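# Working through the structure, step by step
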Amino acid sequence: MRFLSLCLLLTVAVAAPAQSGRPDVLFIAVDDLNDWTGYLRGHPQARTPNIDRLVARGTAFTNSHCAAPACNPSRAALMSGLRPWQTGVYTNADPAQDVMRDTLTINRHFLAQGYRTLGGGKIYHGYSSEGREDSWTEWKGLFPSIQEHEENYSGLDRGHFDWGPVDAKTEEMGDHKLTTWAIDTLQNAPADQPLFLAVGYVKPHLPWYVPREYFDRFPLDQIQLPVVGENDLDDVPSAGRQMARPEGDHAAVVKGGQWAKAVQAYLATISFLDEQVGRLLDGLDASPRRDKTVIVWWTDHGWHLGEKEHWRKFALWEEATRTSFAVVAPGVGRPGQTCGAPVDYMSVYPTLCELTGVPLPAHVKGPSLVPLLRDPRGDWASVGVCTHGRGNHAVRDRDWRYIRYADGSEELYHHRDDPGEFRNLAGLAEHADLKARLAAALPAAEAEVAPTLKKPANKIDKPGKKKKKAGE
Ligand SMILES: [Ca+2]
Ligand SMILES: [Ca+2]
């Protein structure tokens, strides 16, 4: 009798992780991809058949926005469920890993809840503490890639702000190796424990060095430049013009005759990424996890390629805040649906918890997207909010973008009439109530900027000659 009881106990103990029936999670982060995808139509020449088929398996959010338009604060906010104004992590210079040392981030929470959490590539921005025991079951980090930052193809002499075809094999790229590792993990990770697999793609972050075959897909003489309004910055307050800094990157690109080449290189790098996404998707479908895996696909922010005479992210306009974001949840909602409700990344954490049955930590306050997965046209009271530096915010609802800078100056754009955000309507008295309604989403108080360490963990991503490691 005693022996039998012991056997039963052992059976229960061994079976416990599997009996939860929790779905696996494939968590795909992408660095610096804006809306230049087939399905978002951010550029007419973007071709991303694999990203398109990934998002078509679930719900593509077409009006989604990052919490901050830079790698470090965007990722810190998404992974912690806390906004920049709650943590004080506003820029790439702020020490997110110290601020969040004791925060129950998504990966720590899923690990504590019994998931096997594996991470590779770039999930956070340059964390050195990801190997910590309570962070991941196993952390692979960046995969070695081709030599970067040595060339200066563009001749602009602006650090890793560079692009050009390289004579390398696709297999030598870090993101290719990352994908191979992820496919292997999907195939072989033990089936008796739910899997949280985080795959962080580094491209299309600068520099845009990918094998020549990808450049050949976008002949230079056919490249279409982004639409830029004449004197577009004239009605932008000085705080916004300082973010655009037209005398910086844009002046150098135009003077150097590099605009079309940059567009070609970004399209080429996205095409390389898209192939890796296709391999990953095929790997998932060939694995036993095919029908029980929740996929979250997200890019950490958008990117300007000359719109508003601005380059990179680091601004509060549509190009910088809009992201590629989709949730695939087997059995929830209809595949192939799109949702135009305004959402932001404070919703990722609670959505993942609800879809997997993992309890929601008390500090996570964002609205779950599960109601929108069930009914993408249903009521949605929330708006998308993006913060760039303390006191500077953008609010996006279905039709409007409202920007308020720390000095109180404002912008207001009507997206149905003016999707390019060319005409700033903030000065019109008739919009006072509208502005007040959108501003209600902004905080009454904001955390001080987290003190920078003596030796900052992350440097601000700005032009310079300093060589940087891939993945910054
Ligand atoms: Ca980024
Ligand atoms: Ca304008």
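On a predicted model such as this, the values are computed, not experimentally measured, just so you know.

### Observations regarding the overall build of the protein chain
Check the secondary structure of the protein chain and you find 15 helices and 18 strands. Within the protein chain, the fraction of its 472 residues that count as buried is 51%.

### Examining the pairing of strand 9 (residues 293-299)
With 7 of its 7 residues buried, strand 9 lies for the most part within the structure. Burial of the side chains of strand 9 extends over both faces: T293, I295, W297 and T299 are buried on one face and V294, V296 and W298 on the other. As defined by bridge partners, strand 1 (residues 24-30) adjoins strand 9 across 7 bridges and the pair is classed as parallel. Along strand 9, the bridge assignment pairs A29 with W298. Bridge count for strand 9 against strand 12 (residues 325-328) is 4 bridges, and the pairing is antiparallel. For W297, the partnering residue across the bridge sits in strand 12 and is A326.

### With respect to the nonpolar core
The biggest cluster of nonpolar side chains holds 123 residues, and the ones touching the most others in it are L197 and V296. In terms of residue count, the dominant contributor to this core is helix 11 (residues 259-285) (13 residues). Once residues within four sequence positions are removed from consideration, L197 is found in contact with V25, L26, F27, L118, A182, T185 and L186.

### A few points about the sheet that holds strand 17 (residues 400-404)
Taken together, the 4 strands give an open sheet; going across it, the order is 15-16-17-18, and neighbouring strands pair in antiparallel fashion. This sheet does not close on itself; its edge strands, each paired only once, are strand 15 (384-387) and strand 18 (410-414). Each strand axis lies, on average, 10 degrees off the axis of its neighbour in the sheet, ignoring direction. The sheet contact formed by strand 17 and strand 18 spans 5 bridges and is antiparallel. Of the residues in strand 18, the one forming a bridge with I403 is E411. Strand contacts of helix 15 (residues 432-439): strand 16 (393-396), strand 17 and strand 18, with the helix running at about 75 degrees to strand 17, the strand carrying the most contacts.

### Some words on the sheet that holds strand 9
The 8 strands are arranged 5-4-7-1-9-12-2-13 in an open sheet whose pairing can be described as mixed. Both outer strands of the open sheet, strand 5 (138-141) and strand 13 (337-339), are each paired with one neighbouring strand and no more. Strand-to-strand twist of the sheet, defined as the mean angle between neighbouring strand axes without regard to direction, takes the value 15 degrees. Inspection of the sheet shows strand 1 paired to strand 7 (residues 195-201) by 6 bridges, in the parallel sense. Following the sheet pairing, I28 is matched in strand 7 by V199.

### Observations regarding the confidence of the model for the protein chain
Here the protein chain averages 91 in pLDDT, while 91% of its residues score no lower than 70. Within the model, the stretch residues 1-19 combines pLDDT values under 50 with 4 contacts to residues more than four positions away or in other chains. The low-confidence segment residues 455-472 (pLDDT under 50) makes 39 contacts with residues lying over four places distant or belonging to another chain.

### Concerning the environment of A93
In this structure, A93 sits in the loop between helix 4 (84-87) and helix 5 (96-99). Under the C-beta neighbour-count criterion, A93 is labelled buried, with 20 such atoms within 10 Å. Residues A93 and P73, 20 residues apart in the sequence, show an inter-C-alpha distance of 9.1 Å.

### Regarding helix 3 (residues 71-80)
Within helix 3, 10 of the 10 residues are buried, which leaves the element mostly enclosed by the surrounding structure. Listing the buried residues of helix 3 in full gives C71, N72, P73, S74, R75, A76, A77, L78, M79 and S80. If you follow the buried residues of helix 3, they end up packed against helix 4, helix 5, helix 6 (106-112) and helix 13 (348-356). The positive-phi residue at the C-terminal boundary of helix 3 is G81, with phi of around 75 degrees.

### Some details on unusual backbone geometry
Across the junction of K203 and P204, the peptide omega takes the value 10 degrees, indicating a cis bond. Along the chain, P204 turns up in the loop between strand 7 and strand 8 (208-211). For the bond running from L206 to P207, omega is -10 degrees, close enough to zero to count as cis. Within the secondary structure, P207 sits in the loop between strand 7 and strand 8.

### So, the packing of helix 7 (residues 174-188) against helix 11
To characterise two packed helices, one gives the angle between the axes of the helices and the distance between these axes. Two numbers describe how helix 7 lies on helix 11: the axes approach to 9 Å, and their chain directions differ by 10 degrees. Classified by the angle their axes make, helix 7 and helix 11 are roughly parallel. For the pair helix 7 and helix 11, the contacting residues are D175, H176, T179, A182, I183 and L186 in the first and L273, Q276, R279, L280, G283 and L284 in the second. For the contact of helix 7 with helix 11, the residue count by class is 6 nonpolar, 4 polar and 2 charged.

### Description of the environment of G114
Position of G114 relative to the elements: it lies in the loop between helix 6 and strand 4 (116-121). In this structure G114 comes out as partly exposed when scored by C-beta crowding, with 16 C-beta atoms within 10 Å.

### Remarks on helix 7
For helix 7, built from 15 residues, the straight-helix expectation of 21 Å at 1.5 Å per residue is met to within 8% by its first-to-last C-alpha distance of 21 Å. Those residues of helix 7 lying buried are G174, D175, L178, T179, A182, T185 and L186. Each buried residue of helix 7 sits inside an arc of 135 degrees when the element is viewed along its axis, so together they form one side. Facing away from the buried side of helix 7 by over 90 degrees, the exposed positions are D184 and N188. Close packing links the buried residues of helix 7 with strand 4, strand 7 and helix 11.

### Some points on the environment of V395
Along the chain, V395 falls in strand 16. Exposure remark for V395: the 25 C-beta atoms within 10 Å place this residue in the buried category. In the structure, V395 is positioned 168 residues away from V227 in sequence and 23 Å away in space, judged by C-alpha atoms. Sequence-distant contacts of V395, that is, excluding residues within four places in its chain, are made with V383, V385, Y402, L438, A441 and L442.

Calculation rules
- Residues numbered from 1 in each chain as written.
- Chains lettered and ligands numbered in written order.
- Predicted model: local features only at pLDDT ≥ 70, side-chain atom pairs only at ≥ 80, totals over all residues.
- Helix = DSSP H or I, 4+ residues; strand = E, 2+ residues; numbered from the N terminus.
- Buried ≥ 20, exposed ≤ 12 C-beta atoms within 10 Å, placed from the backbone.
- Pairing = 2+ DSSP bridges.
- Core = buried A, V, L, I, M, F, W, Y, C linked by C-beta atoms within 7 Å.
- Contact = placed C-beta atoms within 7 Å.
- Axes fitted to C-alpha atoms, helices over the stretch in contact; angles between N-to-C directions.
- pLDDT = per-residue confidence, 0-100.
- Parallel < 35°, antiparallel > 145°, perpendicular 65-115°, else oblique.
- Nonpolar A, V, L, I, M, F, W, Y, C, P; charged D, E, K, R; others polar.
- Expected span 1.5 Å × (residues − 1).
- Arc of directions from axis to C-beta.

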